[in-house]
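Each chain, written out:
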Amino acid sequence: MSQASPLVAAIAGECPKCGSRTLFAGWVRFAHRCRACGLDFDSFNVGDGPAAFLILIIGAIVTTGAITLELAAEPPWWVHLIWIPVATGLTIVGLRLGKAWLLGQEYKHRAREGRIAE
């Protein structure tokens, strides 16, 4: 298992078992399995939790920024188009981080569907 903290491992996209940087096959899409140790990433289910939190968090950041900009500078309407790439970038980075962290936590705690800890 990787010796890095869960947050550092998530940022780097490390496999939770061997620590290789093989977790992602795209920007936010998991690889099917680790190329180094063979851990099956498809067996983990991170669900929509990261996306749901990001909707709230990024929505609050972008809305606060847009309102602050409008009240401070009163720019023309087209200046607010800057919030589209800002929201997109925050979403991609946040999804990647959130999904990787959650998968790492599932592996660490051996979380599986339908089990009740006793």
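Here, the structure is the one placed above.
Residues numbered from 1 in each chain as written. Predicted model: local features only at pLDDT ≥ 70, side-chain atom pairs only at ≥ 80, totals over all residues. Heavy atoms only, no water.

Visitor: Any details on helix 3 (residues 83–108)? Residues and values, ideally.
Guide: Its 26 residues place the ends of helix 3 37 Å apart at the C-alpha level, agreeing with the 38 Å of an ideal helix rising 1.5 Å per residue. Buried within helix 3 are the following residues: Trp83, Gly94, Leu95, Lys99, Ala100, Leu103, Gly104, Gln105 and Glu106. At its buried positions, helix 3 is contacted by helix 1 (6–12) and helix 2 (49–73). Directly beyond the C-terminal end of helix 3, a positive phi value near 55° is found at Arg110. (Helix = DSSP H or I, 4+ residues; strand = E, 2+ residues; numbered from the N terminus. Expected span 1.5 Å × (residues − 1). Buried < 20%, exposed > 50% of the residue type's maximum accessible area, 1.4 Å probe, protein only. Contact = heavy atoms within 4.5 Å.)

Visitor: Tell me about the packing of helix 2 against helix 3, and please be specific about residues and values.
Guide: Contact geometry for helix 2 and helix 3: axes closest at 10 Å, N-to-C directions at 150°. Judged on the interaxial angle alone, helix 3 and helix 2 are roughly antiparallel. Like other packed secondary-structure pairs, helix 2 and helix 3 cross with a definite hand, here right-handed. Contact with helix 2, carried on its side by Pro50, Ala51, Leu54, Ile58, Ile61, Val62, Gly65, Ala66 and Leu69, involves Trp83, Ala87, Leu90, Thr91, Gly94, Leu95, Gly98, Lys99 and Leu102 of helix 3 and no other residues of that element. A per-class count over the contact of helix 2 with helix 3 returns 13 nonpolar, four polar and one charged. (Axes fitted to C-alpha atoms, helices over the stretch in contact; angles between N-to-C directions. Parallel < 35°, antiparallel > 145°, perpendicular 65-115°, else oblique. Left-handed = near helix turned anticlockwise from the far one by under 90°. Nonpolar A, V, L, I, M, F, W, Y, C, P; charged D, E, K, R; others polar.)

Visitor: How would you summarise the packing of aromatic side chains if you had to cite specific residues and measurements?
Guide: In this structure the tally under the stated criterion is two aromatic pairs. Their ring planes at 20° and their centres at 5.4 Å tell us that Phe24 and Phe30 sit as a pair that is stacked. Each member of the pair, Phe24 as well as Phe30, carries the same accessibility label: buried. Above the face of the Phe30 ring, Lys99 is positioned so that its terminal group lies 5.0 Å from the ring centre. (Phe/Tyr/Trp six-rings, centres within 6.5 Å; stacked < 30°, edge-to-face > 60°. Lys NZ or Arg CZ within 6 Å of the ring centre and 35° of its normal.)

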